[in-house]
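# Architecture and fold: a report
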Amino acid sequence: MSLNRLFLTLGGAGKLPAPFGLLLVALPLGLLLLLGLGAESLFSLAFALFIVGIFEVNRYEQSTGVHDAPEILLDDAVGLWIALVIGAHAPGLVPDLPYALPAAFLLSLAAFVLFERWRPSTIGWIGRNLKGGLGVMLDDVLAGFAAGMLTLLIFKGIEIFRQ
């Protein structure tokens, strides 16, 4: 396995059935980094991997001729990590809510999977029309942003209804 393929599949986890690579590798790694180093560090890593991922996906697509190959997991990991970073701020909206942080992480994960699969609006347009590494990476980044914002919105709703 080439270094490029190893990087893009997160060590081969992208070969697992769709949700398992995300759940077994990207989610635990993201949570470990988020809880260990903080939201700013995970966001910085996600941003750096987004930029590097664009170029690496372009190289991969040129060598294989396949656009948005299903084994590429880096784009999903970056999108999920963005959702987790934004979602990690949701418990601050309802500080006395029991288990708020795990609930925010679970909601961010579920919302990311929803937006990543459903691909509404601009997310879908980018996924269908923007070719190359930028399209592969950007649709998942937007899905992560939308998932994180949905998590914040739900927690804001909880705060409003608890008053």
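Residues numbered from 1 in each chain as written. Predicted model: local features only at pLDDT ≥ 70, side-chain atom pairs only at ≥ 80, totals over all residues. Heavy atoms only, no water.

## Digging into the overall build of the chain
- Each helix and strand counted, the chain has seven helices and zero strands in total.
- Its helices and strands taken in sequence order, the chain reads α-α-α-α-α-α-α from the N to the C terminus.
- Taking 163 residues into account, the globule formula puts the C-alpha radius of gyration at 15 Å, and the chain, at 16 Å, falls close to it.
- The dimensions of the chain, computed from C-alpha atoms along their principal axes, are 55 × 35 × 25 Å. (Helix = DSSP H or I, 4+ residues; strand = E, 2+ residues; numbered from the N terminus. Rg over C-alpha atoms; globule rule 2.2 N^0.38 Å.)

## Focus: the side chain of Asp76
- Mapped onto the secondary structure, Asp76 falls in helix α4 (residues 74-87).
- Beyond its immediate sequence surroundings of up to four residues, Asp76 is in contact with Leu22, Phe112, Glu116 and Asp140. (Contact = heavy atoms within 4.5 Å.)

## Some remarks on the nonpolar core
- Core analysis: the largest hydrophobic core is formed by 40 residues, its most contacted members being Val78, Leu80 and Trp81.
- Of all the secondary structure elements, the ones that give two or more residues to this core are α2 (18-37), α3 (39-64), α4, α5 (100-118) and α7 (132-162).
- Broken down by element, this core gets its largest block of residues, ten residues, from α4.
- With sequence-adjacent residues up to four places away left out, Trp81 is seen in contact with Ala26, Leu29, Gly30, Leu42, Leu45, Ala46 and Leu49. (Core = buried A, V, L, I, M, F, W, Y, C linked by side-chain atoms within 4.5 Å. Buried < 20%, exposed > 50% of the residue type's maximum accessible area, 1.4 Å probe, protein only.)

## Details of the environment of Leu134
- Relative to the assigned elements, Leu134 resides in helix α7.
- The exposure class assigned to Leu134 is partly exposed, which follows from its relative accessible area of 34%.
- With 78 residues separating them in the primary sequence, Leu134 and Glu56 have C-alpha atoms 10 Å apart.
- Filtering out sequence-adjacent residues up to four positions away, Leu134 remains in contact with Phe50 and Ile54.

## Overview of the environment of Arg119
- In this structure, Arg119 sits in the loop between α5 and α6 (121-129).
- Taking the C-alpha atoms as reference, Arg119 lies 7.4 Å from Ala143; in sequence the two are 24 residues apart.
- Contact partners of Arg119, with chain neighbours within four places excluded, come to Asp68, Leu114, Gly124, Gly127 and Asp139.
- Engagement of the side chain of Arg119 in a polar contact is seen with the backbone oxygen of Glu116, the distance being 3.2 Å. (Polar contact = N/O pair within 3.5 Å; in protein donor to acceptor, adjacent residues only side chain to side chain.)

## Focus: the layout of surface pockets
- Counted as a void, the largest pocket has a volume near 240 Å³.
- Residue assignment for the lining of the largest pocket shows that the elements contributing at least two residues are α2, α4 and α5.
- Among the residues forming the lining of the largest pocket, the class breakdown is eight nonpolar, two polar and eight charged. (1 Å grid on protein atoms, 1.4 Å probe; cavity = no way out; pocket = protein on both sides within 12 Å on 5 of 7 lines; lining within 4 Å. Points joined across faces, edges and corners; volume = space filled by probe spheres on them. Nonpolar A, V, L, I, M, F, W, Y, C, P; charged D, E, K, R; others polar.)

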